[in-house]
There are 2 protein chains.
Amino acid sequence: MTSQQGLELTQQAGGFTLTFQQRVLLRHTPEAPCLWIGRGKADIDMFRGNFSIKDQLSEKLALTDVSITPQGQGWNIRFSRGDVAHSTLRITTDAQGRLEMQLHNSDQTNNRMWLRLAAQQADHVYGCGEQFSYFDLRGKPFPLWTSEQGVGRNKQSYVTWQADCKENAGGDYYWTFFPQPTFVSSQKYYCHVENSCYMNFDFSAPDFHELAIWQDQAVLRFDCASSYIGLLEKLTALLGRQPELPDWVYDGVILGIQGGTEVCQQKLDLMREHGVKVSGIWAQDWEGRRITSFGKRLMWNWRWDSELYPELDKRIPQWKKEGVRFLGYINPYVAIEKELYAEAAEQGYLTKDYSGNDYQVEFGEFYAGVVDLTKPEAYDWYKNVIKKNLIEFGLDGWMADFGEYLPTDTVMHNGVDAEIMHNAWPALWAKCNYDALVESGKLGEILFFMRAGYTGSQKYSVMMWAGDQNVDWSLDDGLASVIPAALSLAMTGHGLHHSDIGGYTTLFDMKRSKELLMRWCEFCAFTPLMRTHEGNRPDDNWQFDHDVETIRQFARMSRVFSAMKPYIKQAVALNAQSGLPVMRPLFLHYEEDAHTYSLKYQYLFGRDLLVAPVHEEGRSDWTLYLPQDSWINLWTGEPHSGGCEVTVAAPIGQPPVFYRANSEWADLFASLKAL
Amino acid sequence: MTSQQGLELTQQAGGFTLTFQQRVLLRHTPEAPCLWIGRGKADIDMFRGNFSIKDQLSEKLALTDVSITPQGQGWNIRFSRGDVAHSTLRITTDAQGRLEMQLHNSDQTNNRMWLRLAAQQADHVYGCGEQFSYFDLRGKPFPLWTSEQGVGRNKQSYVTWQADCKENAGGDYYWTFFPQPTFVSSQKYYCHVENSCYMNFDFSAPDFHELAIWQDQAVLRFDCASSYIGLLEKLTALLGRQPELPDWVYDGVILGIQGGTEVCQQKLDLMREHGVKVSGIWAQDWEGRRITSFGKRLMWNWRWDSELYPELDKRIPQWKKEGVRFLGYINPYVAIEKELYAEAAEQGYLTKDYSGNDYQVEFGEFYAGVVDLTKPEAYDWYKNVIKKNLIEFGLDGWMADFGEYLPTDTVMHNGVDAEIMHNAWPALWAKCNYDALVESGKLGEILFFMRAGYTGSQKYSVMMWAGDQNVDWSLDDGLASVIPAALSLAMTGHGLHHSDIGGYTTLFDMKRSKELLMRWCEFCAFTPLMRTHEGNRPDDNWQFDHDVETIRQFARMSRVFSAMKPYIKQAVALNAQSGLPVMRPLFLHYEEDAHTYSLKYQYLFGRDLLVAPVHEEGRSDWTLYLPQDSWINLWTGEPHSGGCEVTVAAPIGQPPVFYRANSEWADLFASLKAL
């Protein structure tokens with residue numbers, strides 16, 4: 001048919017093919033239709049952020065018949081099945097020349113849609129938010145629902161089984177804090193669905209991708225580019241980009257410490273004495289704590305606990321003078337025992353249950369209310385809590401935790417079903433933090449970091465962290481899993497990622513070993529932010545100050561990290577300008593090299609460093625792939641020509657890292673081994 | 001509308017209600033229809049009898065519109081959905097006055113149907129073949145597919161998890177060797193679906209039972225009675241009944257022995273010396289064996305192995321003279337290394353793969369061909385193998401093992417899809433054995449016993465055994481699980497059931513304890529047949545001859561069992577005459593007592609004995625429910641009036657058993673404690 005801005009629609013007997021900039025995106029015949037609609041009732045159980053989701057499907061219809069009408073720059077396609085049901089697909093381009101598909105069911109009770117996008121067998125697919133187990137998503141379905149990420153995340157692991165038995169918490173390969181209905185195809189197009197309902201993107205079939213959407217309407221947007229870098233620039237133009245990080249972030253490691261002012265002082269002093277470069281202290285219990293069977297938990301009342309942290313108000317400026325920032329913690333819930341809850345309840349700022357009472361979420365031996373961020377007054381009130389209790393008090397950053405627990409049976413001010421709001425919640429929570437920074441004039445000075453995310457987090461969440469890894473070596477939930485997480489998020493338009501050094505979840509027989517902490521430390525020197533975490537059961541874990549050898553590893557790696565400050569800053573600035581992520585899949589720069597498309601445990605850190613973290617226990621060497629280029633081993637200075645796998649010595653303290661011989665930063669890189 | 005033989009059809013606006021003998025069976029309105037049809041592609045993976053079954057559902061339509069036409073004694077109901085699809089339901093009564101529903105989709109490609117039968121919240125449901133985890137099926141879906149029963153059968157058990165990791169073998173609550181699309185409602189009707197395709201009977205909803213049927217047509221049959229006993233009589237009139245057991249079965253225990261003629265002789269002698277009443281030796285390795293990592297396996301070539309069993313041909317008549325029968329083993333597969341396979345392959349008697357080659361099934365480190373029982377010549381050939389190699393050789397019985405492994409991608413002579421034949425296979429295998437007995441004139445003299453079953457097994461499988469319990473105390477796969485298995489099978493029309501004394505599956509850390517063997521022995525004295533099994537790893541298990549105390553338990557329990565011969569024979573005869581099972585749910589005789597409907601770990605053995613086996617470790621007392629009647633404790637003579645729970649002493653050797661004070665067998669029962 002006509003061709004508009006790269007759009008082409010070809011009609012065949014009873015069907016059509018839609019092409020956008022030479023990519024075939026839809027292919028429809030009555031025998032192999034591209035659209036189904038139907039009706040289902042979601043059966044969703046939540047227990048502490050762990051979801052069991054089933055669809056009680058009452059109907060699913062193939063819409064076999066189409067009638068096509070040109071309209072404006074595009075077409076209206078009426079899909080129908082006899083006289084029983086129909087749906088309309090409006091195909092057009094938006095003001096920026098992107099392809100826009102608007103799907104609309106004739107009947108609101110038809111609240112399910114399955115759209116098949118044409119695919120080719122050789123296609124690779126990346127993105128869908130933060131994916132911990134798979135980077136190339138081809139061959140599997142990916143349900144998209146923000147939740148806890150699971151403990152173990154692999155039904156073949158004993159840890160997962162134990163967590164499943166205990167509270168259905170083991171998770172699976174697709175569980176994530178940050179899902180997103182956005183993917184990048186190796187045909188060099190992106191597809192983004194604007195909805196926030198439950199979706200399931202199934203990339204199993206050889207010739208189509210099936211997008212299941214649990215709503216009666218949807219808007220899909222596509223764009224293409226001639227390079228992946230160009231494509232990410234376009235994607236982040238659509239979704240937003242993260243601002244640059246505060247400058248102080250690169251000056252060393254942020255130490256995760258709990259236990260009070262003097263504990264912070266002592267650990268800070270000890271680390272500095274041994275030459276550790278410390279940029280901050282992150283004390284998540286600055287607002288006080290409670291003890292549960294899971295471990296130490298926090299008192300969710302979001303104001304300085306002057307008993308646990310005496311004189312913190314005076315110590316913060318003192319530390320700041322010494323180049324050490326103080327960071328705290330907040331989340332979007334208020335514990336029912338305390339005054340913030342009382343105030344929010346009094347003002348009607350909490351989400352409700354179906355009876356109109358304040359909804360109380362069980363968080364593991366305690367309850368909290370949910371601040372209704374859809375209500376402007378509640379949103380402003382909570383933003384002011386952040387501005388007053390956190391920013392004005394002097395915090396230079398915080399973990400903005402949670403976001404993935406919105407119950408699907410709570411009632412919000414905006415009237416949108418909680419099933420639809422659930423995924424949108426993390427971005428709303430990010431925005432609340434972001435706005436507090438902007439309104440305080442502190443964007444770019446103050447850091448906050450989140451684990452939960454969704455569409456919108458690209459703009460509003462200024463830094464992601466990988467959430468709660470196990471303190472182990474497992475591929476699906478240990479150190480290794482952080483790498484595909486960073487890379488998949490990069491392909492979803494979020495280019496700033498880091499993780500808890502040492503991991504977090506310490507349950508069952510897990511205990512963090514010294515070796516794991518050392519390996520995680522050296523890995524994080526090659527990410528845009530270094531920050532430690534004690535874990536949920538600190539006493540079971542090896543900590544940064546447990547022996548001199550460990551402290552020395554932190555000292556050296558913090559020096560390496562901060563020595564790279566100009567290099568990292570440049571990469572972060574590029575991310576802010578054009579959406580080119582800081583931790584990059586190799587194929588962004590070596591797209592002709594087919595081998596790079598399946599690499600999920602190595603990455604480029606900026607343009608010129610190739611990093612392949614050791615993620616197995618007891619290793620003293622490591623095998624990795626070097627793409628065709630001139631590479632130099634960061635620690636030995638040995639040159640490698642690339643285009644092949646190499647095995648290198650990789651003792652603790654020498655994570656496999658290579659730099660490009662012709663990098664403008666070659667002198668800087670060459671100086672690192674002496675640090 | 002009209003009323004025919006208890007049939008009543010009432011039309012309302014756009015809908016109808018169908019009543020049969022005052023039971024509301026169908027209720028249809030356009031908003032709450034009773035029929036859906038659709039189209040799917042089964043995605044079935046088999047690994048050694050463990051199946052993973054998913055439906056790739058491409059369409060599911062509610063058939064909202066009905067048009068009703070009287071025809072003959074009933075009606076034709078045309079269900080449709082606009083002009084898109086329709087299905088016909090023919091409602092009539094058959095020659096015996098049963099309600100018959102014939103469902104037929106207009107289009108064969110619509111190979112899925114979901115029929116909702118009206119239900120009431122208080123209904124109980126029983127049957128669906130042999131169900132090991134649940135007796136009252138209400139509240140859960142029950143997929144109906146013959147398969148291995150699983151190792152552990154409970155996702156919360158460590159054994160299950162290990163078996164799942166190893167070969168997807170852990171199973172779940174509904175896994176069974178003997179499923180059947182037949183259930184009995186406490187509204188005192190049965191429903192039987194005549195098909196053998198994959199089905200899923202979902203009893204979760206309060207107001208309907210949803211029967212999912214993976215075929216384009218189905219025939220359902222219903223009948224009612226005023227009592228459960230009357231209902232079972234009607235059900236077994238439809239399905240067939242088992243003949244009486246050979247008389248010698250009641251004369252003692254059948255000892256499961258392996259290892260050769262002399263091992264059999266020695267163990268037999270030892271047991272008889274200690275007063276054990278032995279009715280048979282069951283040597284499953286009579287045809288030779290092979291060793292695999294699972295344990296000792298057999299040589300599937302179905303003829304006497306005269307090396308392992310020298311002079312067996314002479315010893316069999318000798319033992320028989322002494323009152324001890326010799327039993328062997330067979331299954332419907334032939335090992336590819338041996339001559340039966342060669343002969344079958346030569347004659348074209350094996351099922352094929354899609355390329356036309358003989359299909360070879362992997363059975364755990366060895367392969368076997370599948371005798372094509374749908375091919376008359378192959379069926380006759382195999383029946384003759386049984387007649388010649390087993391019966392003429394002198395076997396008085398055998399385990400007719402397997403039946404549940406028919407692969408869904410094999411091709412058979414009758415041209416029926418293996419997906420449809422899979423469930424039907426066990427009954428065909430039973431019939432082959434049954435016919436061999438009939439044609440040899442040995443029905444009622446020779447015993448065979450099966451684990452796999454389906455519709456038809458009621459007539460052709462002369463005795464069931466419960467398959468492969470774990471040698472443990474678990475509810476879902478240990479001793480306890482045998483009781484709901486017997487009772488659910490009883491409600492499906494098969495009234496003869498027994499189990500491996502001591503259980504079978506010995507994997508991971510499992511080892512059969514002495515206590516477990518003793519408890520299982522005393523339980524089986526109150527079932528229609530006593531037979532031991534060494535288990536798959538005999539050396540890890542406590543065996544009947546391991547110490548004198550164990551032998552004495554067998555001696556005493558075999559005396560108790562054979563002393564009850566006239567009582568058991570009468571119960572078995574009643575089962576043969578009218579389908580009243582030998583092991584009975586209490587509500588068969590106490591239907592007014594609501595409490596009896598949820599009892600799954602106690603039963604009536606015949607009319608007058610109430611048995612509540614101890615199925616927990618380390619117990620010396622036991623609590624059970626006695627319905628309103630006059631009961632006498634079998635071991636102490638203490639009278640109980642019933643209608644309440646009682647706790648009784650239950651040391652090993654005194655399983656909780658009560659008899660009715662006014663039983664005609666009271667004197668016999670009273671004599672048992674002295675044995």
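Scoring rules and cut-offs
- Residues numbered from 1 in each chain as written.
- Chains lettered and ligands numbered in written order.
- Predicted model: local features only at pLDDT ≥ 70, side-chain atom pairs only at ≥ 80, totals over all residues.
- Heavy atoms only, no water.
- Helix = DSSP H or I, 4+ residues; strand = E, 2+ residues; numbered from the N terminus.
- Rg over C-alpha atoms; globule rule 2.2 N^0.38 Å.
- Buried < 20%, exposed > 50% of the residue type's maximum accessible area, 1.4 Å probe, protein only.
- Contact = heavy atoms within 4.5 Å.
- Areas by Shrake-Rupley, 256 points an atom, 1.4 Å probe, with all protein chains shown as cover.
- Lys, Arg positive; Asp, Glu negative; His and termini not counted.
- Charge placed at Lys NZ, Arg CZ, Asp CG, Glu CD.
- Pairing = 2+ DSSP bridges.
- Axes fitted to C-alpha atoms, helices over the stretch in contact; angles between N-to-C directions.
- Core = buried A, V, L, I, M, F, W, Y, C linked by side-chain atoms within 4.5 Å.
- Domains from an automatic or database assignment.
- Buried area = accessible area lost by both parts, 1.4 Å probe.
- Salt bridge = Lys/Arg side-chain N within 4 Å of Asp/Glu carboxyl O.
- Parallel < 35°, antiparallel > 145°, perpendicular 65-115°, else oblique.
- Left-handed = near helix turned anticlockwise from the far one by under 90°.
- Nonpolar A, V, L, I, M, F, W, Y, C, P; charged D, E, K, R; others polar.
- Least-squares fit on C-alpha atoms with pLDDT ≥ 70 in both.
- Phe/Tyr/Trp six-rings, centres within 6.5 Å; stacked < 30°, edge-to-face > 60°.
- Lys NZ or Arg CZ within 6 Å of the ring centre and 35° of its normal.
- Polar contact = N/O pair within 3.5 Å; in protein donor to acceptor, adjacent residues only side chain to side chain.

Asker: Honestly, the overall build of chain A in this entry has me stumped. Any pointers?
Answerer: When its secondary structure is counted, chain A shows 13 helices and 40 strands. Taking 26 Å as the expected radius of gyration for a compact globule of 675 residues, we find that chain A reaches 25 Å, a close match to that expectation. By principal-axis analysis of the C-alpha atoms, chain A measures approximately 80 × 65 × 50 Å. Taken across its 675 residues, chain A has 64% of its residues classed as buried. For chain A, contacts bridging at least 24 residues in sequence account for 70% of all contacts bridging at least 6. Here chain A has roughly 22,000 Å² of accessible surface; of this, 46% comes from carbon and sulfur atoms. Both charge centroids of chain A, one from 62 positive and one from 85 negative side chains, sit 3 Å from each other.

Asker: I tried to follow the sheet that holds strand S15 (residues 189-193) of chain B on my own but got confused; where do I start?
Answerer: Strand pairing in a sheet relies on backbone hydrogen bonds. The paired strands run either parallel or antiparallel. Residue and element names in this part refer to chain B. The eight strands are arranged S7-S8-S9-S10-S18-S15-S14-S12 in an open sheet whose pairing can be described as antiparallel. Both edges of this open sheet fall to strand S7 (65-71) and strand S12 (125-129), since each of them pairs with a single strand only. Across the sheet, the mean angle separating the axes of adjacent strands is 20° when strand polarity is ignored. Here four bridges tie strand S14 (residues 179-185) to S15, and the two strands are oriented antiparallel to one another. Bridge pairing in S15 places threonine 182 opposite histidine 192.

Asker: Would you take a moment to explain the pairing of strand S18 (residues 217-224) of chain A for this structure?
Answerer: Residues and elements named next belong to chain A. Burial analysis of S18 places seven of its eight residues in the buried class, which makes it a mostly covered element. Where strand S10 (residues 99-105) and S18 come together, six bridges link them in antiparallel fashion. If you follow methionine 101 over to S18, its bridge partner there is leucine 220. Across five bridges, the pairing between strand S15 (residues 189-193) and S18 is antiparallel. Note that in S18 the partner of cysteine 191 across the bridge is phenylalanine 222.

Asker: So what exactly am I meant to see when it comes to the nonpolar core here?
Answerer: Across soluble globular proteins, nonpolar side chains have a tendency to be buried as a group. By size, the foremost hydrophobic cluster in this structure holds 161 residues, and its most contacted members are Trp300(B), Phe326(B), Tyr382(B), Trp398(B), Leu447(B), Phe526(B) and Phe605(B). Shared between two domains, this core takes at least three residues from each, and those domains are domain 1 (7-239) and domain 2 (587-673) of chain B. Setting aside chain neighbours within four positions, we find Tyr382(B) in contact with Trp302(B), Ile330(B), Asn331(B), Pro332(B), Tyr333(B), Val334(B), Val371(B), Trp429(B) and Cys432(B). By size, the runner-up hydrophobic cluster in this structure holds 159 residues, among which are Phe132(A), Leu245(A), Trp302(A) and Ala571(A).

Asker: Is there a simple way to think about the sheet that holds strand S37 (residues 631-633) of chain A in this case?
Answerer: Residues and elements named next belong to chain A. Read from one edge of the open sheet, six strands run S33-S34-S35-S40-S37-S38, paired in antiparallel fashion. What marks the edges here is a single partner per strand, and that holds for strand S33 (583-584) and strand S38 (639-640). Sheet analysis places strand S34 (residues 603-605) next to strand S35 (residues 609-611), joined by three bridges and oriented antiparallel. Bridged to leucine 604 within S35 is leucine 610.

Asker: Sorry if this is basic, but what is going on with the interface of chain B and chain A here?
Answerer: A common way to state how big an interface is: give the accessible area lost once the parts meet. Contacts between the two partners involve 18 residues from chain B and, on the opposite side, 18 residues from chain A. Taken over both partners, the interface formed by chain B and chain A buries close to 1,600 Å², and the fraction arising from carbon and sulfur atoms is 48%. Its largest share of buried area at the contact with chain A, chain B owes to Glu59(B), Lys60(B) and Trp161(B), together 33% of the area lost on that side. Where chain B meets chain A, there are two salt bridges. Across the salt bridge formed by Glu59(A) and Arg81(B), the nearest N and O atoms sit 2.2 Å from each other.

Asker: Mind showing me how you'd approach the packing of helix H6 (residues 376-392) of chain B against helix H7 (residues 418-439) of chain B here?
Answerer: Describing two packed helices takes the angle between their axes plus the distance from one axis to the other. Residues and elements named next belong to chain B. Look at H6 against H7: their axes get within 9 Å of each other, and the N-to-C directions meet at 55°. Taken together, the axis directions place H6 and H7 in an arrangement best described as oblique. Relative to H7, H6 is oriented so that their crossing is right-handed. Here Tyr379, Tyr382, Lys383, Ile386, Lys387 and Ile391 of H6 come into contact with H7, specifically with Leu428, Trp429, Lys431, Cys432, Asn433, Asp435, Ala436, Leu437 and Glu439. Here the contact of H6 with H7 is composed, by residue class, of nine nonpolar, one polar and five charged.

Asker: What am I meant to see in the relation of the copies chain B and chain A here?
Answerer: Between the two chain copies there is a screw-like relation: a rotation about an axis and a shift along it. Take chain B, turn it by 180°, move it 0.1 Å along the axis, and it overlays chain A with an RMSD of 0.0 Å. Between the two chains, the operation in question is that of a two-fold axis. Looking at the rotation axis and the C-alpha trace of chain B, the residue lying nearest is Lys60(B), at 2.4 Å. Most of the interface of chain B is mirrored in chain A, where 100% of its interface residues again form contacts.

Asker: I keep staring at the packing of aromatic side chains and nothing clicks. Help me out?
Answerer: Two aromatic rings are characterised by how far apart their centres lie and by the angle between their planes. All names here are of chain A. Counted according to the given criterion, the structure contains 111 aromatic pairs over all chains. When the ring of phenylalanine 363 is compared with that of phenylalanine 366, the centres are 6.1 Å apart and the planes differ by 20°; the resulting orientation is stacked. For phenylalanine 363, a relative accessible area of 2% puts it in the buried group. Residue classification places phenylalanine 366 among the buried positions, given a relative accessible area of 2%. An aromatic cluster is built from Tyr134, Phe142, Tyr173, Tyr174, Phe183, Tyr189, Phe201, Phe203 and Phe222, whose rings are joined through pairwise contacts. Positioned over the ring face of phenylalanine 366 is arginine 290, at 4.0 Å from the centre of the ring. Between the NZ or CZ atom of lysine 600 and the centre of the ring of tyrosine 134, over which it lies, the distance is 4.9 Å.

Asker: In this structure, what is going on with unusual backbone geometry? I would like to understand it.
Answerer: With glycine set apart, most residues show a phi of negative sign, and most peptide bonds adopt trans. Residues and elements named next belong to chain A. Even without being a glycine, arginine 153 presents a positive backbone phi close to 60°. The exposure class assigned to arginine 153 is buried, which follows from its relative accessible area of 1%. Even without being glycine, glutamate 311 reaches a positive phi, approximately 60°. For glutamate 311, the location among the structural elements is in the loop between strand S22 (295-298) and helix H4 (312-321). Among the residues examined, glutamate 311 registers a relative accessible area of 46% and is labelled partly exposed.

Asker: Is there a simple way to explain the packing of helix H3 (residues 261-273) of chain B against helix H4 (residues 312-321) of chain B in this structure?
Answerer: Residue and element names in this part refer to chain B. Axis separation between H3 and H4 bottoms out at 11 Å; the angle between their running directions is 20°. Of the possible angle classes, the one that applies to H3 and H4 is roughly parallel. H3 and H4 meet at a crossing whose hand is left-handed. Here H3 contributes Thr261, Glu262, Cys264, Gln265 and Leu268 to the contact with H4, which in turn contributes Leu312, Arg315 and Trp319. Of the residues contributing to the contact of H3 with H4, the split by class is four nonpolar, two polar and two charged.

Asker: Where do I start with the domain arrangement of chain A in this structure?
Answerer: All names here are of chain A. Considered domain by domain, chain A is made up of domain 1 (7-239) and domain 2 (587-673). The partner domain 2 presents seven residues to the 13 residues of domain 1 that form the contact. Of the roughly 850 Å² buried between domain 1 and domain 2, counting both surfaces, carbon and sulfur atoms make up 64%. A per-residue breakdown of the area domain 1 buries against domain 2 is headed by Phe135, Tyr228 and Ile229, which together make up 54% of the total. Among the salt bridges present, the one from lysine 188 reaches glutamate 591, with a minimum N-O distance of 2.6 Å. Run the count over domain 1 and domain 2 and you get four residue pairs in polar contact (both at pLDDT 80 or more). A total of three residues in the side of domain 1 that touches domain 2 trace back to one element, the largest contributor, which is helix H2 (residues 228-239). Residue classes in the side of domain 1 that touches domain 2 are distributed as six nonpolar, five polar and two charged.

Asker: When you look at the side chain of Ser196(A) in this model, what are you seeing that I'm missing?
Answerer: All names here are of chain A. Position of serine 196 relative to the elements: it lies in the loop between S15 and strand S16 (199-202). Within the structure, the side chain of serine 196 is placed 2.5 Å from the backbone oxygen of isoleucine 420, a separation counted as a polar contact. Setting aside residues up to four positions removed in sequence, serine 196 forms contacts with Glu419, Ile420, Asn423, Ala424 and Tyr454.

Asker: What's the story with the pattern of salt bridges in this structure? I'm lost.
Answerer: Counted according to the given criterion, the structure contains 92 salt bridges over all chains. Here Arg272(B) makes a salt bridge to Asp269(B), at a shortest N to O gap of 3.2 Å. Of this pair, Arg272(B) and Asp269(B) both sit in helix H3, three residues apart, roughly one helical turn. Between Glu404(B) and Arg451(B) there is a salt bridge; the shortest N-O distance is 2.7 Å. In this pair, Glu404(B) sits in the loop between strand S27 (397-400) and H7 while Arg451(B) sits in the loop between strand S28 (447-449) and helix H8 (457-460), placing the two residues 47 residues apart along the sequence. Residue Glu404(B) is classed as buried on the basis of its relative accessible area of 0%. Connected via shared salt-bridge partners are Asp94(A), Arg98(A), Glu100(A), Glu194(A) and Arg221(A).

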